[in-house]
Amino acid sequence: MRSLTAEEYVEAFKSFLDHSTEHQCMDEFNKEEMPNIVAGLGNGKSTINVLGVGSGTGEQDLQMIRILQAVHPGVLINNEIVEPNPQHVAAYKELVNQAADLQNVSFTWHQLNSSEYEQQVKEKGTQKKFDFIHMIQMLYRVEDIPNTIKFFHSCLDRHGKLLIIILSDSSGWASLWKKYRHCLPSTDSGHYITSNGITDVLKRLGVEYRVYEFPSGWDITKCFIEGDPVGGHMMDFLTGTKNFLGTAPAGLRQRLQDALCQPECSSKKDGRIIFSNNLSMIVVE
């Protein structure tokens, strides 16, 4: 058993997005809450500086940019992106090339992970300030979560806001990681962190924040169909392991499949198994 490479992760992640309501959940948040959240950004400045940390392929970034454009018409938006995966960077750039509605927006990509970006900023000794920083579903792969949050919070301009999107403690992931961790292979080197772990960090930093909870689901029915390639990719994403179903000991595989079916992880709807993927959107002042 071994961990996923960057390319394999992209494929496994796609199987997750294709069968979950992750992006629809974020769209709901963008529609209901984001206009009010970004209304005070920039405080009358002619340029709003935005930083996306771990932006992936950019769909969610561009949604937020469009909301900023709508709320602050005519204002220039300087959008910087920190993303280590070259395939994701390429896909993001292609999205931008195809978009005809991104006038007054400049893009700068840093093909780095968050700690490499932090190191680069500190070495240069010139810390740019941002009006809006977002970290969407990326803190699981960060080495030092408290110091990473502290650093990016320090990059905020005076009236700036930091948005952290992370799995909720009401999600199946939280139960899987807390109660059924023994069912997961040791190859996944990610941090098993959910929203309460983040708010604990924010409390220690003494900063103001607000949490928004949004429901989301992931249809994992194919994980239980022998030989199904999509189900195989889903299990790879769940475990961070290449070909988990083909390489894991039979006992471990069975324990994980049993855990996934527990009511604290999943529900059954019309014969489908829906894993709870509830999200917390944490807005930090």
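Computed from a prediction, not measured in an experiment: that's the story for all the values here. (Residues numbered from 1 in each chain as written. Predicted model: local features only at pLDDT ≥ 70, side-chain atom pairs only at ≥ 80, totals over all residues. Heavy atoms only, no water.)

J.: Can you help me understand the overall build of the protein in this one?
T.: Across its full length, the protein carries 12 helices and 10 strands. On the principal axes, the C-alpha backbone points of the protein span a range of 60 × 40 × 35 Å. By the burial criterion, 52% of the 285 residues in the protein qualify as buried. For the protein, contacts bridging at least 24 residues in sequence account for 81% of all contacts bridging at least 6. (Helix = DSSP H or I, 4+ residues; strand = E, 2+ residues; numbered from the N terminus. Buried < 20%, exposed > 50% of the residue type's maximum accessible area, 1.4 Å probe, protein only. Contact = heavy atoms within 4.5 Å.)

J.: What's the story with the sheet that holds strand 8 (residues 266-269) in this structure? I'm lost.
T.: Sheets are built from strands paired through backbone hydrogen bonds, the pairs being either parallel or antiparallel. Here 3 strands make up an open sheet; going across it, the order is 7-9-8 and the pairing antiparallel. At either end of the open sheet lies a strand with only one pairing partner, and these are strand 7 (217-219) and strand 8. Across the sheet, the mean angle from the axis of one strand to that of its neighbour is 35°, orientation sign disregarded. Pairing of strand 8 with strand 9 (residues 272-276) involves 4 bridges; the strand directions are antiparallel. Note on strand 9: the bridge partner recorded for serine 266 is phenylalanine 275. Each of strand 7 and strand 9 is contacted by helix 8 (residues 172-179), which is oriented at about 75° to strand 9, the strand it contacts most. (Pairing = 2+ DSSP bridges. Axes fitted to C-alpha atoms, helices over the stretch in contact; angles between N-to-C directions.)

J.: Help me out: how do you make sense of the pattern of salt bridges in this one?
T.: Oppositely charged side chains may form a pair once their charged atoms are brought near each other. Taken as a whole and assessed by the stated rule, the structure comprises 10 salt bridges. Of the charged contacts, one joins lysine 45 and aspartate 131 as a salt bridge, the two residues approaching to 3.0 Å between their closest N and O atoms. Placement of the pair is lysine 45 in the loop between helix 3 (34-38) and strand 1 (47-53) and aspartate 131 in strand 4 (residues 130-136), with a sequence separation of 86 residues. Since its relative accessible area comes to 33%, lysine 45 is described here as partly exposed. Residue classification places aspartate 131 among the buried positions, given a relative accessible area of 3%. (Salt bridge = Lys/Arg side-chain N within 4 Å of Asp/Glu carboxyl O.)

J.: Help me understand the pairing of strand 1, please; the structure alone is not making it clear to me.
T.: A regular strand places its side chains so that they alternate between the two faces of the sheet. Among the 7 residues in strand 1, 6 count as buried, and that is most of the element. Here 7 bridges tie strand 1 to strand 2 (residues 76-82), and the two strands are oriented parallel to one another. Bridging across to strand 2, threonine 47 finds its partner in leucine 76. Read as a crossover between parallel neighbours, the route from strand 1 over helix 4 (residues 59-71) to strand 2 is right-handed. In terms of strand pairing, strand 1 meets strand 4 through 4 bridges, oriented parallel. Paired with valine 53 across the two strands is methionine 135, which belongs to strand 4. (Right-handed = clockwise from strand over helix to strand, strands pointing away.)

J.: Looking at this structure, how should I read the side chain of glutamine 137?
T.: Position of glutamine 137 among the secondary structure elements: in the loop between strand 4 and helix 7 (145-154). A polar atom in the side chain of glutamine 137 sits 2.4 Å from the side chain of tyrosine 140. Ignoring anything within four residues of it in the chain, the contact list for glutamine 137 reads Glu22, Met26, Ile165, Ile166, Leu167 and Leu279. (Polar contact = N/O pair within 3.5 Å; in protein donor to acceptor, adjacent residues only side chain to side chain.)

J.: Explain the UniProt feature "binding site: substrate" (unreviewed entry) in the protein to me, please; I cannot follow it from the model alone.
T.: Under the UniProt annotation, the feature "binding site: substrate" (unreviewed entry) is placed at Glu22 and Asn277. The greatest C-alpha distance among the annotated residues, which extend across 256 residues, is 7.3 Å, indicating that they converge on a single site. Since its relative accessible area comes to 3%, glutamate 22 is described here as buried. Those residues within four positions of glutamate 22 in sequence are excluded, and the remaining contacts are Phe16, Leu17, Gln137, Ser216, Asn277 and Leu279. Along the polypeptide, asparagine 277 turns up in the loop between strand 9 and strand 10 (279-284). (UniProt positions renumbered as here; feature names shortened; annotations may be inferred.)

J.: Looking at this structure, how should I read the nonpolar core?
T.: In summary, soluble globular proteins display a tendency toward joint burial of nonpolar side chains. Counting 86 residues, the largest nonpolar core has Leu139, Ile164, Leu176, Ile198 and Met281 as the members making the most contacts within it. With 7 residues, strand 5 (residues 156-167) is the single largest residue contributor to this core. Setting aside chain neighbours within four positions, we find isoleucine 164 in contact with Met135, Leu139, Ile149, Ile198, Ser280, Met281, Ile282 and Val284. (Core = buried A, V, L, I, M, F, W, Y, C linked by side-chain atoms within 4.5 Å.)

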